[in-house]
Amino acid sequence: MEFSCRRFSSFVCIFVVIFHLVLVRANVLDGSRTQDHVPRKFMQNWLQSECARNRIRKDQSDRTYTSNAGFSNHQDEKDITIVVTYSDPSGDVRLGTVRSKDLSASWHWIDPNERQNQLKSSQRLEDSSQSRVRLEDFDKDSLIELRSRVSVIMQDSQVSPLDPVKLQRLALRQGRKDLRTAELLREDKENDRQVEAAAIVRAKELDTTTKGSYSIWRREHENPNSDYTLKLMRDQIIMAKTYASIARSMNESYLYKSLINHFRENRRAIGEANTDSELHSSALERAKAMGRILSKAKDKLYEGIKLIRKLRAMVQSTENTVDALRKKSAFLTQQAAKTVPKPLNCLPLVLTTDYFQQGLQKRVVLNKNVLEDPSLYHYAIFSDNVLATSVVINSTVLHASEPEKHVFHVVTDKLNFAAMKMWFLVNSPAKVTIQVENIDDFKWLNSSYCSVLRQLESARMKEYYFKTSHPSTLSDGLENLKYRNPKYLSMLNHLRFYLPEVYPKLEKILFLDDDIVVQKDLTPLWSIDMQGMVNAAVETCKESFHRFDKYLNFSHPKISENFDPNACGWAFGMNMFDLKEWRKRNMTGIYHYWQDMNEDRTLWKLGSLPPGLITFYNLTYPLDRGWHVLGLGYDAQLNQTEIDNAAVVHYNGNYKPWLELAITKYKPYWSRYVMPDNPYLRLCRISQ
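Keep in mind the model is a prediction, meaning the values are calculated, not measured.

A.B. asks: Just to check I follow, could you spell out the overall build of the chain for this structure?
C.D. replies: When helices and strands are tallied, the chain shows 25 helices and 14 strands. For the chain, the share of sequence-separated contacts (at least 6 apart) that also reach a separation of at least 24 residues comes to 73%. Of the roughly 41400 Å² of accessible surface on the chain, 52% is carried by carbon and sulfur atoms.

Structure, rendered in structure tokens:
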């Protein structure tokens, strides 16, 4: 029965195909091929669907579908002849047959109902894919939701054998999009991290330290053209003087008088002004009037050669005047620095009088064991200035953590010994030990042992310092004036080279000048490892300044053969000396050798620093700059923060803090340690 049914179905299919061919042929012959498009399409669909139904019924019992592979396997199926109609390239309809067993595995048997479901699923996939036009517009949560939607759509479509290749491509495309999105997100986060790290680095490198106080009234913030009119008027004055001289030589009396009158008026208008704002209100009008008269003078008197000669003469005259004033200023500064103010001259006189009137010269002598105890902190101060020495000791004791362990050894000259002794008898700081000695009591310090004393007794040195016929006025120049200061002749200035002889029992001693102020505890200096060096000091070389070639004469072969001109200099004022190493290396003998070599002053000028640099060459341990800040006696542009943080500030230079020459802004660092209520200071009218 089943065989008969199948046979009948085959005959029906063949009949329908033949009938369809007849209709198509008739339409072709009649030329109405386009009008028969609808019935022909209908017949094609009916033929495909009817044959498909028959095949489905035929294979329903033994056919299986494999969804993953996307095609069907026909088991135990007989070979079937398939009639195919198609149009060739010329448009004629052709009829052909094909056997089912000759088809490849990629051919599928399609149910029309199932085809409709597949079309709907494909449309849904396309709609969902169109909704992902820009993946970068979605965040991470949106991407997760999108992937879940694709999974649901693919599950709904049941991955039928309709088009597995398309579904696979869609899945691969979606995977690539997800990977690209994740990569972009990672790059974005990495860029954010890099920007953040760079910002942190820049923030750390940013220097937020306040560089002084900012003020719009400081000179660097002034208008660069704020003195334009002032400069113009000064230039006009120069030209007026030039043309007036030429007019006078050419007997142009009227023009000469006009130029002189305008010259005087402009000079009065300028006065002491430094900027345009300080000029008189009529200054601009006077400048215009001067411009008009100069224009007339130029038209009438201008001759290039005469004008150039006159200007050269004026420049030469001005240079000579400036040079003379500079020498005069240096001479007066040296004189003021050497002159002792009346109040400071009064103080030692009053103290000396009281010392002898009260009979204090027979006071009990200090404990010798304390003075020679190497376990204590010993200081050496060599000075003839009572007030300056008191400031050094007061400032040191005030900042000392254990004042009772500090011993001060003061050496002065015979003239000031009684005054120095009297001052510290009545004004000695509590707990500290202060020894005052007279340099004339050192009998071993004589001309036979000391090179400086022997040189001072020589006729050549006396002629250099004391003979009136020797040039010692302004014409002598600036350099020689500096070294004619009496301090260079004082033995107190050279006593620092005899420390082991002065204090034979001590192992270490801190040398202090009398023009310093202590601002911190100095006891840590005794615990510094000097690494076998004799002297510990702060180096003063900055770039090319204060190196050996500044102090020594390197044109002399004795100097050039033994020293480096670029070696860094250092300063006296606060120096830690290891007296054990000093004695071991015989540093005093080295000093004597070079001092004798310089008897004719060809190796260096006078003073104690050049022989100190030579004596302790390669034997000086550099201290941190914070221990000792120099320049308060000559440099008004020092860093204020460095001064405030320094352990010791040094007024080296001519502008000592006890003189009227002192730099005003540096004076409080010194005057705060002066006792204004002291009766001796009030008596001599010494104030801060």
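Having seen the model, we can carry on.
A.B. asks: For this particular structure, what's the right way to read the state of the cysteines?
C.D. replies: When the sulfur atoms of two cysteines share a covalent bond, that bond is a disulfide. Across all of its chains, the model carries 2 disulfides by this definition. What pairs with Cys-346 in a disulfide is Cys-684, and their sulfur atoms sit 2.2 Å apart. Disulfide Cys-346 to Cys-684: torsion about the S-S bond roughly -70 degrees, handedness left-handed. Highlighted residues: Cys-346 in helix 10 (residues 342-357) and Cys-684 in the segment after helix 25 (679-683), separated in sequence by 338 residues. When its relative accessible area of 22% is taken as the criterion, Cys-346 is described as partly exposed. Two residues share a disulfide in this structure: Cys-541 and Cys-568, whose sulfurs sit 1.7 Å from each other.

A.B. asks: Sorry, what's going on with the sheet that holds strand 10 (residues 535-538) here?
C.D. replies: In a beta sheet, neighbouring strands are held together by backbone hydrogen bonds and run either parallel or antiparallel to one another. Across the sheet, 7 strands lie side by side as 7-6-5-8-11-10-12; this open sheet has mixed pairing. The outermost strands of the open sheet, each flanked by one partner alone, are strand 7 (433-438) and strand 12 (620-623). On average, each strand axis in the sheet is tilted by 25 degrees relative to the strand beside it, whichever way the strands run. Across 3 bridges, the pairing between strand 5 (residues 377-382) and strand 8 (residues 508-512) is parallel. By the bridge assignment for strand 8, Ile-381 is matched with Leu-512. This element, helix 12 (residues 386-399), spans strand 5, strand 6 (406-412), strand 7 and strand 8 of the sheet and lies at about 175 degrees to strand 6. Strands in contact with helix 13 (residues 417-426) are strand 6 and strand 7; relative to strand 7, the strand with the most contacts, it is inclined by about 170 degrees.

A.B. asks: What is the right way to read the packing of helix 12 against helix 13 from this model?
C.D. replies: The axes of two packed helices give the description: the angle between them and the distance between them. Direction vectors running N to C along helix 12 and helix 13 enclose 40 degrees, while the axes themselves pass 10 Å from each other. Here helix 13 runs oblique to helix 12, going by the angle between their axes. As helix 12 runs across helix 13, the sense of the crossing is right-handed. On helix 13, the residues that touch Val-386, Thr-389, Ser-390 and Ile-393 of helix 12 are Ala-419, Met-420, Trp-423 and Phe-424. When grouped by side-chain class, the residues that make up the contact of helix 12 with helix 13 number 6 nonpolar, 2 polar and no charged.

A.B. asks: Even after reading the chapter, I still don't get the environment of Trp-444, so can you show me in this structure?
C.D. replies: Mapped onto the elements, Trp-444 comes out in the loop between strand 7 and helix 14 (451-456). Trp-444 sits in the partly exposed class, given a relative accessible area of 28%. For the pair Trp-444 and Glu-501, spaced 57 residues apart in the sequence, the C-alpha separation amounts to 8.9 Å. Excluding residues that lie within four positions of it along the chain, Trp-444 makes contacts with Tyr-449, Tyr-498, Glu-501 and Val-502.

A.B. asks: Looking at this model, I keep getting lost on the side chain of Gln-236. Mind explaining?
C.D. replies: Tracing the backbone through its elements, the reader meets Gln-236 in helix 6 (residues 228-249). Look past the residues within four positions of Gln-236 in its chain and what remains in contact with it is Asn-266, Ala-287, Met-290, Gly-291 and Leu-294.

A.B. asks: How do you make sense of the pairing of strand 8 when you look at a structure like this?
C.D. replies: Here is the key point about a regular strand: its side chains alternate between the two faces of the sheet. Of all 5 residues in strand 8, 4 are buried; the element is thus mostly enclosed. Here 5 bridges tie strand 8 to strand 11 (residues 574-578), and the two strands are oriented antiparallel to one another. Following the sheet pairing, Phe-511 is matched in strand 11 by Asn-575.

A.B. asks: Quick question: what am I supposed to make of the environment of Trp-423 here?
C.D. replies: Relative to the helices and strands, Trp-423 is located in helix 13. Here the alpha-carbon distance between Trp-423 and Leu-387, two residues 36 residues apart in the chain, equals 9.0 Å. Once you skip the residues sitting within four places of it in the chain, Trp-423 turns out to touch Leu-347, Leu-351, Val-386, Ser-390, Ser-428, Met-675, Asn-678, Tyr-680 and Leu-681.

A.B. asks: Which parts of the structure should I look at to understand helix 9 (residues 304-338)?
C.D. replies: Owing to its 3.6 residues per turn, the α-helix aligns residues three or four sequence positions apart on the same side. For helix 9, built from 35 residues, the straight-helix expectation of 51 Å at 1.5 Å per residue is met to within 8% by its first-to-last C-alpha distance of 51 Å. Buried residues of helix 9: Leu-307, Met-314, Thr-333 and Gln-334, and no others.

A.B. asks: Please clarify how the side chain of Asn-535 should be interpreted in this entry.
C.D. replies: Take Asn-535: it is sitting in strand 10. Here Thr-620 takes part through its side chain, which lies 3.5 Å from a polar atom of the side chain of Asn-535. Those residues in contact with Asn-535, other than ones at most four positions away along the chain, are Met-530, Trp-570, Asn-575, Met-576, Phe-577, Phe-616, Leu-619, Thr-620 and Tyr-621.

A.B. asks: What is the right way to read the confidence of the model for the chain from this model?
C.D. replies: Averaged over every residue, the pLDDT of the chain is 77; residues scoring 70 or more account for 69%. A low-confidence stretch, residues 21-77 stays under pLDDT 50, and its non-local contacts, those more than four residues away or across chains, total 60 contacts. Throughout residues 128-138 the model reports pLDDT below 50, and contacts reaching past four residues in sequence, or to other chains, amount to 16 contacts.

A.B. asks: Is there a simple way to think about the pattern of salt bridges in this case?
C.D. replies: Opposite charge on two side chains permits pairing when their charged atoms draw close. This model, assessed by the stated rule, comprises 11 salt bridges. In this structure, Glu-402 engages Lys-405 in a salt bridge whose closest nitrogen and oxygen atoms are separated by 3.5 Å. On the basis of relative accessible area, Glu-402 is assigned to the partly exposed category, the value being 29%. Across the pair Arg-454 and Asp-596 runs a salt bridge whose closest N-O atoms are separated by 2.9 Å. Taken together, the residues Arg-454 in helix 14 and Asp-596 in helix 21 (residues 587-597) connect sequence positions 142 residues apart. The class for Arg-454 is partly exposed, based on a relative accessible area of 35%. Exposure remark for Asp-596: the relative accessible area of 36% places this residue in the partly exposed category. Taken together, the shared-partner salt bridges in this structure form one network comprising Asp-323, Arg-326 and Lys-327.

Each value, and the rule that gives it
- Residues numbered from 1 in each chain as written.
- Predicted model: local features only at pLDDT ≥ 70, side-chain atom pairs only at ≥ 80, totals over all residues.
- Heavy atoms only, no water.
- Helix = DSSP H or I, 4+ residues; strand = E, 2+ residues; numbered from the N terminus.
- Contact = heavy atoms within 4.5 Å.
- Areas by Shrake-Rupley, 256 points an atom, 1.4 Å probe, with all protein chains shown as cover.
- Disulfide = S-S within 2.5 Å.
- Buried < 20%, exposed > 50% of the residue type's maximum accessible area, 1.4 Å probe, protein only.
- Pairing = 2+ DSSP bridges.
- Axes fitted to C-alpha atoms, helices over the stretch in contact; angles between N-to-C directions.
- Parallel < 35°, antiparallel > 145°, perpendicular 65-115°, else oblique.
- Left-handed = near helix turned anticlockwise from the far one by under 90°.
- Nonpolar A, V, L, I, M, F, W, Y, C, P; charged D, E, K, R; others polar.
- Expected span 1.5 Å × (residues − 1).
- Polar contact = N/O pair within 3.5 Å; in protein donor to acceptor, adjacent residues only side chain to side chain.
- pLDDT = per-residue confidence, 0-100.
- Salt bridge = Lys/Arg side-chain N within 4 Å of Asp/Glu carboxyl O.

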